[in-house]
Amino acid sequence: MKTILTPTPLVSHPDEVRIVSKRFGQGATSIDRYIELDGYKAARKALEMQPEDIINEVKVSALRGRGGAGFPTGMKWSFIPKQSDADKYILVNGDESEPATCKDRLIVEYDPHSVIEGTIIAGLAVGAKLGFIYLRGEYRYLLEIVERAVADAYAKGFLGKNIFGSNREFNIITQTGAGAYEVGEESALMESLEGKRGLPRLKPPFPAIKGLYGGPTVINNVETIASIPPIIINGGKWFASFGPEKNGGARLTCLSGHFNKPGVYELPLGYPAKKLIYDVGGGIPKGRSLKAMVPGGSSTFLLTREEAESASMDYDWFAKRGEFLGSGGVVAIDDQTCMVRMALCIMKFYQHESCGWCIPCREGTDWLKKTLMRFHAGGGMEKDIDQMLYLAENMAGRTFCALGDAAAFPTISIVKKWRDDFEMHLDGKPCPFEKKGARERDLAVV
Amino acid sequence: MRFSEELEARFARLASQYPWKRSALIPMLLYAQDEVGYITDEVVSDIAHRLELSELDVRNVISYYSLLRTKPAGKYVVQVCTNISCLLLGADELFEHCKHRLGVGHTQVTPDGRFSLEEVECIGACSWAPAIQVNYDFHLDVTPEKMDKVLDQYATKAQA
Amino acid sequence: MADVNITVDGKKVSAPAGTLLIEACKSAGIEVPAFCYYPGLSVQGACRMCLVRIEKMPKLQTACTVPVAEGMVVTTNSEEIVQARKATVEILLGNHPLDCPVCDAGGECELQDMTFRYGAAESKYMEAKQHREEQQWSPVVYFDRPRCILCYRCVRVCGEGMDVWALGVQNRGVTSIIAPNKQDHLECEECGMCIDICPVGALTSGAYRYKTRPWEMNHVGTICTHCGDGCKTTLGVRRSKGGMEIVRGDNRDKSGINGDFLCIKGRYGFDFSHHEDRLTQPLVRQDGKLTPVSWEQALAHVADRLKQVRDAQGGSAIGVIGSNRTTNEENYLLQKFARSVLGTNNIDHHRTADYPAFAKAIAGKQNATATLRETMTAPAVLLIGNDPTEQHPLLAWNLRTNHRVHNGRLYIVNSREIKLRRQARAFAHVPEAGGESAMVRYLAGEENYASQIETAGFNRDAMRSFRDAVKAEQGLVIIFGSELRGDDVQALVRFGAGIGAKFVCLGDYANSRGAADMGLYPDLLPGYTDLARGSGFAQEYGSVPQQPGMDIVSMFAAAQSGRLGALYVVGSNPVARYNIDPAALKNTFVVVQDMFLTETATTAEVVLPAANAYEKSGSFTNTFGDLQLLKKAGDLAGVRSDFELIVRIADRMGADIRKLVPFGKGVRADMGQSRGAQSGEADRHMVWLSAHNLEPKLSPFDPEALLDEIERLVPGYNFSRLKLFAGHEAHTFAPEHSSVGQPSAPETIVPANDTLFTSGTLGRYSNAMNSVIENRRAPEEIPAD
């Protein structure tokens with residue numbers, strides 16, 4: 001089944017720092033054009049370096065995982081044992097599924113070789129000879145792009161038994177998943193790649209010790225991996241200089257929802273959220289005001305307008321509040337939006353995506369979804385509000401993997417911060433935000 | 001069973017490229033579905049056989065992933081995202097529009113077998129919301145008017 | 001591994017490194033609740049019930065996934081933890097149907113227990129519940145999804161434990177469901193382990209569901225009457241019109257030799273017991289037809305005729321055939337009756353293994369037989385012939401568990417590709433007809449046999465490395481089937497003894513070994529004792545004929561030629577098993593004691609309805625030599641135990657019953673005379689007897705009166721009574737005793753060839769065994785015993 005490629009629109013803003021988006025829209029899917037644009041220089045340089053030096057450079061760069069958890073990449077690499085009887089692997093996580101996040105697709109669409117090059121360098125750093133680029137199932141068109149890029153790299157001798165004439169071997173296998181949010185979790189990703197149900201694994205052992213096929217495995221997000229070549233070329237210090245301490249580089253920030261200028265922008269870490277909303281994002285359309293902001297994918301605690309306007313878009317600002325910067329997916333929600341409906345939309349997603357392995361997540365997301373449906377439809381009772389909070393709080397921190405937390409956090413924040421919205425639905429009242437004559441629709445389980 | 005030459009070649013490659021053969025399962029299922037339309041009992045037993053797995057094991061995997069289906073769908077599967085970013089920009093209305101236009105509901109197939117409709121979760125096109133996918137093709141910034149054009153195109157293609 | 005020290009709820013606990021916290025807590029008497037955790041199966045961390053607080057860890061941790069670490073400080077019971085567990089139960093109950101009033105598991109349900117314990121009493125759930133129709137997966141397995149809590153125990157026990165892998169998990173999230181391997185039904189070993197292990201009522205038994213409530217039954221732990229492994233099965237019995245009806249077989253208390261295990265036969269195969277074809281009245285042939293008569297009439301008739309034949313033609317004109325499924329006491333009594341009252345050595349039974357050759361081969365060796373339990377822990381096992389998965393399911397379970405949990409090494413010699421080869425480190429696939437025997441000779445160093453076993457798949461190198469590997473093993477257990485007889489057994493023991501191995505000879509039925517040990521042989525006294533060296537028995541019995549008697553085949557030949565005046569058959573069906581022309585018996589007075597009108601019974605002049613092993617007490621010896629007590633569970637009006645029938649016939653023949661069954665003597669002996677009044681053992685025995693509503697040996701029908709004699713006279717049966725009466729097995733050593741006689745007539749050995757779904761005559765009358773579809777692919781069934 002051939003896919004139709006409609007190029008994804010690109011945007012720009014003067015405050016952008018073009019590190020991974022440097023080659024967007026410049027024809028870099030062609031390997032020759034990529035090489036013209038300084039492509040594969042980093043891999044050649046890395047071949048001359050000692051593995052420890054590569055890892056050190058990445059440590060200095062203060063690059064943190066772009067998938068959402070923000071774990072320091074250099075440290076992750078350093079956990080891989082130098083000696084290992086089992087083969088080691090690099091696994092690039094392109095299962096981009098966090099709602100509101102659509103950045104990795106741009107990298108693969110416009111600059112697939114940067115991912116390949118980053119994977120090669122990661123392999124050199126930890127001593128792996130095989131890398132996998134795993135894309136979410138919906139991204140079939142990207143698989144076609146990256147498959148072509150991989151073939152071109154093999155043809156040039158950049159991949160294979162003797163990469164760049166160095167007598168060293170590195171291979172890449174590409175594939176897609178088949179539709180499962182949970183597979184974005186690193187251990188579930190390995191399960192899926194091994195041809196199984198995408199269920200999370202028990203940790204320990206951590207992937208760095210016993211991962212894919214039982215071997216030590218580095219798992220990095222696409223954007224993280226694409227950040228590696230520029231770090232190797234320009235040095236870790238250069239990369240670190242863009243953001244606050246321990247928050248190196250820039251990150252692709254996906255603006256969606258009620259923004260006048262939605263799109264994916266590469267902004268330095270620590271960028272002020274107020275500027276992000278009103279300058280980069282162009283403010284809220286239709287003269288409305290901001291009611292809530294999702295800082296980084298639907299798994300994060302939502303921010304009120306006041307909180308959002310004072311936020312700094314870096315890992316530590318959020319961590320200090322016990323919250324999360326997340327995946328780079330920023331959603332603006334205007335003042336005409338029903339937060340009960342938002343909570344329902346979010347919970348419907350997690351209920352659909354819960355893998356079902358553990359009780360609190362499997363049953364809790366379903367219960368919450370059903371309650372929110374009833375509540376939003378006007379069947380809510382006062383005690384439901386506290387009951388929802390009780391359920392979410394009893395899911396948080398109790399589940400097998402982080403999906404339970406991901407479902408609980410936004411719910412907790414919405415119920416706590418927009419309790420008024422819930423109270424407006426009580427006593428059988430119709431949703432005050434739904435437009436008159438808005439159709440009733442069945443929110444059947446998808 | 002025998003698939004097309006192209007797919008047989010792909011299967012041969014898939015079955016040999018991974019450190020563990022079983023890794024080929026999900027890609028094989030996807031490609032077989034693309035060719036056959038859905039994963040039939042025959043496809044299950046064929047792939048189970050090729051990868052030396054039990055049929056139960058294959059079914060356990062199939063039923064986990066939302067893109068894999070064991071029932072026929074339309075030639076073009078219209079998938080409307082109603083997750084947060086799309087919802088904020090009218091995805092509900094868009095889905096209603098499709099229901100009207102196609103005359104079918106969620107996971108139903110049009111009587112002529114050309115289309116099926118699905119409400120789906122986030123498809124990773126949030127900054128270009130609302131977005132839809134028809135089979136693997138993305139259509140971004142969709143309005144009801146644009147939706148009609150898109151469906152017309154596929155209807156024409158289906159005729160050809 | 002070295003022990004590590006941890007603190008749990010302020011208590012110092014030490015456990016070997018690597019122990020899971022939940023087990024370490026258990027060992028200190030601290031229970032951490034769990035649904036998904038199950039000892040011996042892989043760890044899941046799915047139910048989140050076992051959350052505990054470990055100091056220095058940010059979140060609550062699952063005790064089932066965390067191994068103990070030195071200095072760990074753990075809290076298992078605090079407000080926070082109780083709240084977490086309570087919430088999990090509440091969340092679980094949301095979608096649970098709460099149909100406890102009609103659920104089979106009601107009263108035996110772990111979810112009920114947890115709900116009660118954590119006080120999740122308030123029903124907070126107001127939404128519509130996920131409903132799904134109940135599914136029937138097989139005649140014996142039903143699945144009710146709404147009740148399922150997805151602990152995955154069933155999936156694991158079927159896959160990891162049974163190596164069947166017939167259950168999977170399908171869909172995801174709240175629609176996740178346990179699925180059978182054939183989409184809408186199961187094709188498996190039908191063991192029902194999934195039902196036993198289910199903590200709730202999601203998996204229910206076709207045999208038991210909706211029949212009764214657990215508290216309306218009495219639960220009697222006894223020994224299964226099917227194969228030779230001797231599993232404990234707990235029979236749930238309920239009063240019915242005809243006595244006590246067995247309504248359930250299961251393994252809930254796990255206290256038996258079988259631990260967690262039970263197969264289809266032990267679990268469902270009790271139903272022959274209340275089959276409508278059960279005989280409940282004595283029958284005597286009148287005008288050519290078997291006609292119901294009174295017990296008085298029937299017994300008088302039998303006694304008169306036997307006495308008549310004995311007195312007129314001598315004991316050698318009477319043949320006696322015993323059973324593989326009657327108790328040791330009954331078998332012992334039967335041979336004693338034959339030898340001392342009938343005055344004949346013409347006693348035999350349907351032999352399924354060459355126990356006499358085995359005894360001859362290991363005679364005089366110490367500790368040369370392995371117990372059943374050892375097969376689970378032995379560092380290495382060599383299995384020659386047989387297919388334990390079909391014929392000795394518990395042994396197969398033990399071998400699999402040994403492989404999986406203890407890294408035991410399994411070596412297999414077989415002419416068929418038996419399922420256990422999947423666990424084998426090496427599999428010698430030998431040719432059919434004699435392959436096993438030739439391989440044994442090869443193992444024993446007779447190189448010239450190599451050519452007989454060489455095949456394309458098993459070449460000389462493979463042969464050599466197989467032998468080298470086996471020879472290098474220490475602590476090897478060698479298990480062999482009826483493929484090996486006579487000299488082959490000798491050769492095998494020679495080989496094995498050289499490397500310090502222990503042995504197991506596999507016989508087919510519940511008390512095949514007991515029948516052999518108790519001397520159901522024409523030329524061997526109990527304990528395989530040579531007739532010539534049986535003075536102890538002769539003294540006790542008064543006299544024992546010195547000439548060897550006829551074996552089972554010769555008896556029928558004698559009947560054919562008119563030399564057999566009478567044939568007394570107890571619990572056996574030789575006419576079918578040995579393919580005897582009923583006409584051969586036309587001049588012989590045949591008495592049959594059985595549950596059903598078998599092919600043999602239909603040739604009889606008198607048929608006496610007998611109780612089965614679930615309806616009496618006594619003991620069985622499994623094929624490993626492990627002695628276990630039976631307890632009376634079921635009861636059927638009109639039938640009598642074989643023991644009682646033998647005594648009554650002897651009595652009517654004028655025998656001295658006190659000599660035959662030393663009742664009365666036993667009471668004094670047990671009150672302390674034999675072991676000293678201060679030993680305490682007798683007292684405990686009395687306590688045990690009264691707690692179980694058993695009378696001390698005051699009646700000639702009490703088999704325990706004979707157990708004393710067996711213990712005293714049968715070599716190798718000097719077992720620990722305390723162990724036995726406490727409900728455990730006691731290993732016996734009859735084959736190892738040194739005065740064994742010569743084995744004979746290996747050609748009369750006819751293996752039962754039962755599968756998981758057949759069980760000789762009993763299998764014929766078991767609806768459960770006949771109903772499962774797997775039965776249809778079973779090899780031809782030969783009804784016997």
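Our subject is the structure listed above.
Treat the numbers as computed from the prediction; the structure is a model and nothing was measured.

Enquirer: Can you lay out the overall build of chain C for me, pointing to particular residues and giving the numbers?
Expert: Helix and strand counts for chain C stand at 28 helices and 31 strands. For 785 residues, the compact-globule estimate of 2.2 N^0.38 gives 28 Å, and chain C sits close to it at 28 Å. Taken over the C-alpha atoms alone, chain C extends approximately 90 × 65 × 60 Å along its principal axes. Residues classed as buried in chain C amount to 63% of the 785 residues present. Across chain C, every contact between residues at least 6 apart in sequence was considered, and the portion connecting residues at least 24 apart equals 70%. Of the roughly 28100 Å² that chain C leaves accessible, carbon and sulfur atoms contribute 49%. Between the averaged position of the 84 positive side-chain charges in chain C and that of its 92 negative side-chain charges there is a distance of 2 Å.

Enquirer: Summarise the sheet that holds strand β10 (residues 203–205) of chain C; cite the residues concerned and give the values.
Expert: Residues and elements named next belong to chain C. Strand order in this open sheet of 3 strands is β6-β7-β10, and the pairing throughout is antiparallel. Both outer strands of the open sheet, β6 (135–138) and β10, are each paired with one neighbouring strand and no more. Pairs of neighbouring strands in the sheet enclose a mean axial angle of 30 degrees, with direction left out of account. Here 3 bridges tie β6 to strand β7 (residues 141–143), and the two strands are oriented antiparallel to one another. Looking at β7, one finds that S138 is bridged to V141.

Enquirer: So what about the packing of aromatic side chains? Which residues, and what values?
Expert: Summed over the entire model, instances satisfying the criterion amount to 40 aromatic pairs over all chains. Centre to centre, the rings of A:Y40 and A:F158 are 4.5 Å apart; their planes meet at 55 degrees, and the pair counts as tilted. Within this pair, whereas A:Y40 is found in the loop between α1 (31–36) and α2 (41–48), its partner A:F158 is found in the loop between α7 (140–155) and β3 (171–176), the two being separated by 118 residues in sequence. A:F158 carries the same exposure label as A:Y40, and that label is buried. When the centroid spacing of 6.1 Å and the interplanar angle of 50 degrees are considered together, the rings of A:F71 and A:F79 count as tilted. Classification of A:F79 as partly exposed rests on a relative accessible area of 41%. Three or more aromatic residues joined by ring pairs make a cluster, and in this case those are A:Y89, A:F132, A:Y213, B:Y18 and B:W20. Between the NZ or CZ atom of A:R105 and the centre of the ring of B:F138, over which it lies, the distance is 4.1 Å. Positioned above the aromatic ring of B:Y136 is the side chain of A:R140, whose terminal nitrogen or guanidinium carbon lies 4.1 Å from the ring centre.

Enquirer: An account of the environment of A:L142 is requested, with residue identities and associated values reported.
Expert: Residues and elements named next belong to chain A. Of note, L142 is situated in helix α7. Expressed as a C-alpha distance, the spacing of L142 and P9, which sit 133 residues apart in the sequence, is 15 Å. Discounting chain neighbours no more than four positions away, the residues touching L142 are R105, V108, E109 and L135.

The rules behind each value
- Residues numbered from 1 in each chain as written.
- Chains lettered and ligands numbered in written order.
- Predicted model: local features only at pLDDT ≥ 70, side-chain atom pairs only at ≥ 80, totals over all residues.
- Heavy atoms only, no water.
- Helix = DSSP H or I, 4+ residues; strand = E, 2+ residues; numbered from the N terminus.
- Rg over C-alpha atoms; globule rule 2.2 N^0.38 Å.
- Buried < 20%, exposed > 50% of the residue type's maximum accessible area, 1.4 Å probe, protein only.
- Contact = heavy atoms within 4.5 Å.
- Areas by Shrake-Rupley, 256 points an atom, 1.4 Å probe, with all protein chains shown as cover.
- Lys, Arg positive; Asp, Glu negative; His and termini not counted.
- Charge placed at Lys NZ, Arg CZ, Asp CG, Glu CD.
- Pairing = 2+ DSSP bridges.
- Axes fitted to C-alpha atoms, helices over the stretch in contact; angles between N-to-C directions.
- Phe/Tyr/Trp six-rings, centres within 6.5 Å; stacked < 30°, edge-to-face > 60°.
- Lys NZ or Arg CZ within 6 Å of the ring centre and 35° of its normal.

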